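# Observations on the model geometry
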Amino acid sequence: MRFLNPATLPKWMLASLALGLGFGLLFPDLSRPLAPIAEIFLRLLRAIIAPLLFGILVTALASSGDLRALGRLGLRAAIFFEAATTVALLLGWGVISILRPGDGVALHTAAAPPAAGTPPSVASIIVNAFPTSILDAMARGDVLQIVVFCLLFGAAAAAIGEKAGPLLRFAESIAAVSFQFTRFLMYLAPAAIFAAIASTTAENGLQVLSGLGRFVAASWLAQLAYVALVLTPLLLAAGANLRRFWAYAREPFLIAFGTTSSAAAIPSALENMEAYGVPRRILGFVMPVGLSFNLAGSTIHLVMATFFVAQAGGVALTMTQQLLILLTLKLTSKGVAGIPRANFVILAGLFESFQLPREGLALLLGVDAIIDMVRTGVNVLGHCAGPVVLAKWEERDGPVVTGPE
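Residues numbered from 1 in each chain as written. Predicted model: local features only at pLDDT ≥ 70, side-chain atom pairs only at ≥ 80, totals over all residues. Heavy atoms only, no water.

## Regarding the overall build of the chain
Quick reminder of the rule: Helix and strand assignments follow DSSP, with helices taken as H or I runs no shorter than four residues and strands as E runs no shorter than two, numbered in order from the N terminus. Between buried and exposed lies partly exposed: a residue is buried under 20% and exposed over 50% of the maximum accessible area for its type, with that area taken using a 1.4 Å probe on protein chains only. What makes two residues a contact is simply this: any of their non-hydrogen atoms within 4.5 Å. We get accessible surface area from the Shrake-Rupley algorithm with a probe of 1.4 Å; when it comes to residues, only the shown protein chains can shield them.
When its secondary structure is counted, the chain shows 18 helices and 0 strands. Sorting the 405 residues of the chain into buried and exposed places 52% on the buried side. Of the contacts formed within the chain by residues at least 6 apart in sequence, a portion of 86% connects residues at least 24 apart. When the accessible area of the chain is evaluated, it comes to approximately 17,400 Å², of which 68% is carbon and sulfur surface.

## Some remarks on the packing of helix H15 (residues 296-312) against helix H18 (residues 359-395)
Condition: Each axis is a line fitted through C-alpha atoms, and for a helix only the stretch in contact is used; angles between axes span 0 to 180 degrees, taken between their N-to-C directions. Just so you know how the angles are binned, under 35 degrees is roughly parallel, over 145 roughly antiparallel, 65 to 115 roughly perpendicular, and the rest oblique. If you view the pair so one helix is near and one far, a crossing is left-handed when the near helix is turned anticlockwise from the far one by less than a right angle, and right-handed when it is turned clockwise.
With their axes 9 Å apart at the nearest point, H15 and H18 run at an angle of 155° to one another. Taken together, the axes of H15 and H18 lie roughly antiparallel to each other. H18 is crossed by H15, and the crossing has right-handed handedness. When H15 is examined against H18, the residues Ala 296, Gly 297, Ser 298, His 301, Ala 305, Phe 308 and Val 309 are found in contact with a partner set consisting of Gly 360, Leu 364, Asp 368, Ile 371, Arg 375, Val 378 and Asn 379.

## A word on H18
Here is the rule: For a helix, the expected span equals 1.5 Å multiplied by the residue count minus one. The angle separating two fitted axes, one through the seven residues that finish at a residue and one through the seven that start at it, defines the bend at that residue.
The terminal C-alpha atoms of H18 lie 50 Å apart, and with 37 residues this matches the ideal 54 Å at 1.5 Å per residue to within 8%. The largest bend in H18 is about 60°, located at Asp 368.

## With respect to the environment of Leu 291
One can find Leu 291 in helix H14 (residues 280-293). Overall, Leu 291 belongs to the partly exposed group, its relative accessible area being 26%. Sequence separation between Leu 291 and Val 380 is 89 residues, and the spatial gap between their C-alpha atoms is 8.7 Å.

## Side note on the environment of Gly 24
Its place among the elements puts Gly 24 in helix H1 (residues 9-26). Judged by relative accessible area, which is 2%, Gly 24 ranks as buried. Sequence separation between Gly 24 and Ala 195 is 171 residues, and the spatial gap between their C-alpha atoms is 8.9 Å. Not counting chain neighbours up to four residues away, the residues in contact with Gly 24 comprise Ser 31, Ala 198, Thr 201 and Ala 202.

## Points about the nonpolar core
Applicable threshold: Side-chain atoms within 4.5 Å are what join buried Ala, Val, Leu, Ile, Met, Phe, Trp, Tyr and Cys residues into a set we call a nonpolar core.
Residues Phe 41, Leu 45, Tyr 226, Phe 245, Met 273 and Met 304 are the most contacted members of the largest nonpolar core, which totals 111 residues. For this core, the element with the most residues is H18, which contributes 16 residues. Once residues within four sequence positions are removed from consideration, Leu 45 is found in contact with Leu 185, Met 186, Phe 344, Val 345, Ala 348 and Leu 361.

## Some thoughts on the packing of aromatic side chains
To keep things clear, this is the line we draw: Classification of ring pairs uses Phe, Tyr and Trp, with its six-membered ring standing for Trp, and accepts pairs whose centres are within 6.5 Å; under 30 degrees between planes counts as stacked, over 60 as edge-to-face, and the remaining range as tilted. Placement of a positive charge over a ring is assigned whenever Lys NZ or Arg CZ falls within 6 Å of the ring centre and within 35 degrees of the normal to the ring plane.
Considering all chains together, one arrives at 10 aromatic pairs under this definition. Both rings, one in Phe 23 and one in Phe 194, keep their centres 5.5 Å apart while their planes meet at 50°; by these two values the pair is tilted. In this pair, Phe 23 is assigned in helix H1 and Phe 194 in helix H10 (residues 189-204), connecting sequence segments 171 residues apart. A relative accessible area of 24% places Phe 194 in the partly exposed class. Through successive ring pairs, a cluster of aromatic residues spans Phe 54, Phe 149, Phe 153 and Phe 170. Its guanidinium or amino end placed over the ring of Tyr 276, Arg 244 lies 4.6 Å from that ring's centre, counting from NZ or CZ.

## What about a nonpolar patch on the surface?
Stated precisely, the cut-off is as follows: Patch definition: residues with relative accessible area over 30% and no salt bridge; like charges joined within 9 Å; nonpolar side chains (Val, Leu, Ile, Met, Phe, Trp, Tyr) joined within 5 Å. We define a salt bridge as a contact between a side-chain nitrogen of Lys or Arg and a carboxyl oxygen of Asp or Glu at a distance within 4 Å.
A cluster of nonpolar residues, Leu 25, Leu 26, Phe 27 and Leu 30, forms a patch on the protein surface that exposes about 420 Å² of accessible area. Inspection of the secondary structure puts Leu 26 in helix H1. Judged by relative accessible area, Leu 26 falls into the exposed class, the value being 65%.

## Here we look at the packing of helix H17 (residues 343-353) against H18
The description of two packed helices rests on the angle between their axes and on the distance between the axes. Spelled out, the test is: Each residue is assigned to one class: nonpolar for Ala, Val, Leu, Ile, Met, Phe, Trp, Tyr, Cys and Pro, charged for Asp, Glu, Lys and Arg, and polar for all the others, Gly among them.
It is the contact of H17 with H18, at a shortest axis distance of 11 Å, that shows an interaxial angle of 140°. Judged by the angle between their axes, H17 and H18 are oblique. As H17 packs across H18, the resulting crossing turns out to be right-handed. Judged by residue contacts, Asn 343, Phe 344, Leu 347, Ala 348 and Phe 351 of H17 engage Leu 361, Leu 364, Leu 365, Asp 368 and Arg 375 from H18. Within the contact of H17 with H18, the residues separate by chemical class into 7 nonpolar, 1 polar and 2 charged.

## Quick look at the confidence of the model for the chain
The condition is simple: pLDDT is defined as a per-residue confidence score from the predictor, taking values between 0 and 100.
For the chain, per-residue confidence averages 78 on the pLDDT scale, and 80% of positions sit at 70 or higher. Within the chain, H15 carries the highest mean pLDDT (91), whereas helix H6 (residues 122-128) carries the lowest (65). Taken together, the stretch residues 109-120 has pLDDT below 50 and engages in 12 contacts with residues farther than four places along the chain or on a different chain. Below pLDDT 50 for its whole length, residues 399-405 participates in 18 contacts with residues either more than four positions away or in separate chains.

Written out as structure tokens, the structure is:
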């Protein structure tokens, strides 16, 4: 399988998109029966949702140790991360709601809009977020219930310290195996993309291509807007010289942009930000934690992808449903940036929970390689900017060494 490896997979996915479009237009009768191939892929993707969420969320919380011992820097890092990702979430929601690139795509197999009736109350939504059985929640694919359980379970593990060591190792193993499962599954992605694009194009014509093009343009716009309107003012407020910061952040950004993996860029980011002048004690804590909690690029993409498919599928979401989706994405967007396309596991679970058309997921896979470059690059820029801003924040309460300690 040397012809299909992680480095060449994005190219195969783009090629599958082009071939699927052409095949669907030229041979519509042959294309329609290909839909089950994409459905098999989506079923396998949904199968790994619960293990992956358990692994990444429990590991992220349990490995932090006693939550009270994180101290002032930990609290400030948490405030920064949550504020940055919340702004990213709202920015992505705003761009996709204003531009509405999914309108007119009209997925043929879209889920039917929810039947009219009394909308659920806020109280019932809150109550239903808490599972009575984690096994039942996993079996039904209820992402919000799984997330709530994992957050509480991980916090409890962090509170008991060393006694949670075996659990932490188990959760780390679950996460590692889940990511490897996802990597294996992505080898099937080109075939699934070809089948999904071909069958959908046979039903809907060039509307699909037009809608996907608008979505790619909107995604790049939102990511660049986050850099210009959020990261840049934060760096300026921290007293950073933007030209000097870019000189040190450029290399990790380009690594992330080219490999579509945040993890691949972290060694360079750590070295360059220390050379920039961020103290090692701050850098060594903030950047690794940011790998799980400071994922603005991924957050923007997840919310835009979700609402794009809702628009394309003609699913009318109430404001309550939209806010619940945002809350769910806020919680589930942790810890998936290091692995290319692992975010699709999160989307698969969300689509299941909110009855969004699963076929839209396969369509998004076809253009993900184009979006993933800028999405991952923005994640890494956030990883570099976070320590700089927090170092300035810490400096206000005492001198900060501006170099290796």
